[in-house]
Amino acid sequence: LIHSPGFLIKKMQPANDGGYYLLGNVNDSSGEKNMLIVKTDLDGNIVWNKSIGTTVNKEEALSIIELANNELITVGYLETDTGNYHIKPSEMLIVKLDSSQNIIWSNRMMINNWSYADAVTLDTNGLVVAGHFYYSIGASVYSITGEGLILRLDTAGNLMQAHTLGNQQVLKHF
């Protein structure tokens, strides 16, 4: 985890060329946080960086894969600026970039107001996105109940299947 004023790197993943992808968020000119992808070479020198987002929401990148044609798929979440300070609705955010880091398509998916895309991979049938969502939040001590989620999308971003996994109860004090 790297933290510095203006940006936060939460994950690092290897790139096919031996370099790395650094993923997280960065403050934009209005102070909102946008999804951040930084590509480095093997020695850690920045090759390029890409910020994706809006001026009214918080977006964060959590996972990325490279496709055979040098296109990229990144996943994370978009947190809206509505709700109270601690609990803001969020949506899964899935973005496909071309080899020049231009957005080809982006999808937002939400289940019960709190949805997060944590990882993405590619298999012979398309994209597999793993994430989680919360569907119940209590009062003063928030009792958060959630489930794991697996989505299958084609490489054009169309949802093919969705499966929930189990159920967990987590207690958090805010």
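Residues numbered from 1 in each chain as written. Predicted model: local features only at pLDDT ≥ 70, side-chain atom pairs only at ≥ 80, totals over all residues. Heavy atoms only, no water.

## Here's the deal with the overall build of the protein
Okay, so step 1: Each helix and strand counted, the protein has zero helices and 13 strands in total.
Okay, so step 2: For the protein, the succession of helices and strands along the chain, N to C, is β-β-β-β-β-β-β-β-β-β-β-β-β.
Okay, so step 3: For the protein, the residues scored as buried account for 45% of the 174 residues in total.
Okay, so step 4: Long-range contacts, defined as pairs at least 24 residues apart, comprise 38% of the intrachain contacts of the protein with a sequence gap of at least 6.
Okay, so step 5: When the accessible surface of the protein is summed, it comes to about 9,100 Å², and 51% of that surface belongs to carbon and sulfur atoms. (Helix = DSSP H or I, 4+ residues; strand = E, 2+ residues; numbered from the N terminus. Buried < 20%, exposed > 50% of the residue type's maximum accessible area, 1.4 Å probe, protein only. Contact = heavy atoms within 4.5 Å. Areas by Shrake-Rupley, 256 points an atom, 1.4 Å probe, with all protein chains shown as cover.)

## Quick notes on the pattern of salt bridges
Okay, so step 1: Within this structure, the stated rule accounts for four salt bridges.
Okay, so step 2: Here Lys 39 makes a salt bridge to Asp 17, at a shortest N to O gap of 3.0 Å. Of this pair, Lys 39 sits in strand β4 (residues 33-40) while Asp 17 sits in the loop between β2 (7-14) and β3 (20-27); the two residues are 22 residues apart in sequence, bridging distant segments of the chain.
Okay, so step 3: Ionic pairing is found between Glu 71 and Lys 96, a salt bridge with its closest N-O pair at 3.2 Å. Of the two residues, Glu 71 is situated in the loop between β6 (58-66) and β7 (72-79) and Lys 96 in strand β8 (residues 90-97); the sequence distance between them amounts to 25 residues. Both residues of the pair, Glu 71 and Lys 96, count as buried. (Salt bridge = Lys/Arg side-chain N within 4 Å of Asp/Glu carboxyl O.)

## Describing the nonpolar core
Okay, so step 1: With 16 residues, the main nonpolar core has Ile 73, Ile 94, Val 120, Leu 127, Val 129, Leu 151 and Leu 153 as its most contacted residues.
Okay, so step 2: For Leu 151, the contacting residues outside a window of four places in its chain are Met 92, Met 109, Leu 127, Val 128, Val 129, Leu 159, Gln 161 and Ala 162.
Okay, so step 3: One finds Ala 15, Leu 23, Leu 72 and Leu 97 within the second-largest nonpolar core, a separate group that totals 14 residues. (Core = buried A, V, L, I, M, F, W, Y, C linked by side-chain atoms within 4.5 Å.)

## Observations regarding the pairing of strand β9 (residues 103-109)
Okay, so step 1: Bridge count between β8 and β9: six bridges; the pairing is antiparallel. The partner of Leu 93 across the bridge, within β9, is Arg 108.
Okay, so step 2: Counting the residues between successive antiparallel strands, the hairpin from β8 to β9 contains five residues, one of them, Gln 101, with a positive phi of roughly 65°. (Pairing = 2+ DSSP bridges.)

## Topic: the packing of aromatic side chains
Okay, so step 1: Scanning all chains against the criterion turns up one aromatic pair.
Okay, so step 2: Its end group placed over the ring of Tyr 21, Lys 39 keeps NZ or CZ at 5.8 Å from the ring centre. (Phe/Tyr/Trp six-rings, centres within 6.5 Å; stacked < 30°, edge-to-face > 60°. Lys NZ or Arg CZ within 6 Å of the ring centre and 35° of its normal.)

## What about the confidence of the model for the protein?
Okay, so step 1: Per-residue pLDDT for the protein averages 79, and the proportion of residues at 70 or more is 77%.
Okay, so step 2: The lowest-confidence element of the protein is strand β1 (residues 2-4), averaging 49 in pLDDT; the highest-confidence one is strand β5 (residues 46-52), averaging 91.
Okay, so step 3: Ignoring residues within four places in sequence, the model shows residues 169-174, a span with pLDDT below 50, making 16 contacts including any to other chains. (pLDDT = per-residue confidence, 0-100.)

## A closer look at the side chain of Asn 25
Okay, so step 1: Following the sequence through the fold, Asn 25 ends up in strand β3.
Okay, so step 2: A polar contact is formed between the side chain of Asn 25 and the side chain of Glu 60, at a distance of 2.4 Å.
Okay, so step 3: Residues within four places of Asn 25 in sequence aside, it is in contact with Gly 6, Phe 7, Leu 8, Lys 33, Asn 34, Leu 36, Lys 58, Glu 59 and Glu 60. (Polar contact = N/O pair within 3.5 Å; in protein donor to acceptor, adjacent residues only side chain to side chain.)

## Here's the deal with the environment of Thr 40
Okay, so step 1: Inspection of the secondary structure puts Thr 40 in strand β4.
Okay, so step 2: Looking at Thr 40, the relative accessible area reads 4%, which means it is buried.
Okay, so step 3: On a C-alpha basis, the gap between Thr 40 and Asp 17 in space is 9.9 Å, while along the polypeptide they are 23 residues apart.
Okay, so step 4: Beyond its immediate sequence surroundings of up to four residues, Thr 40 is in contact with Gly 19, Tyr 20, Leu 22, Asn 45, Ile 46 and Val 47.

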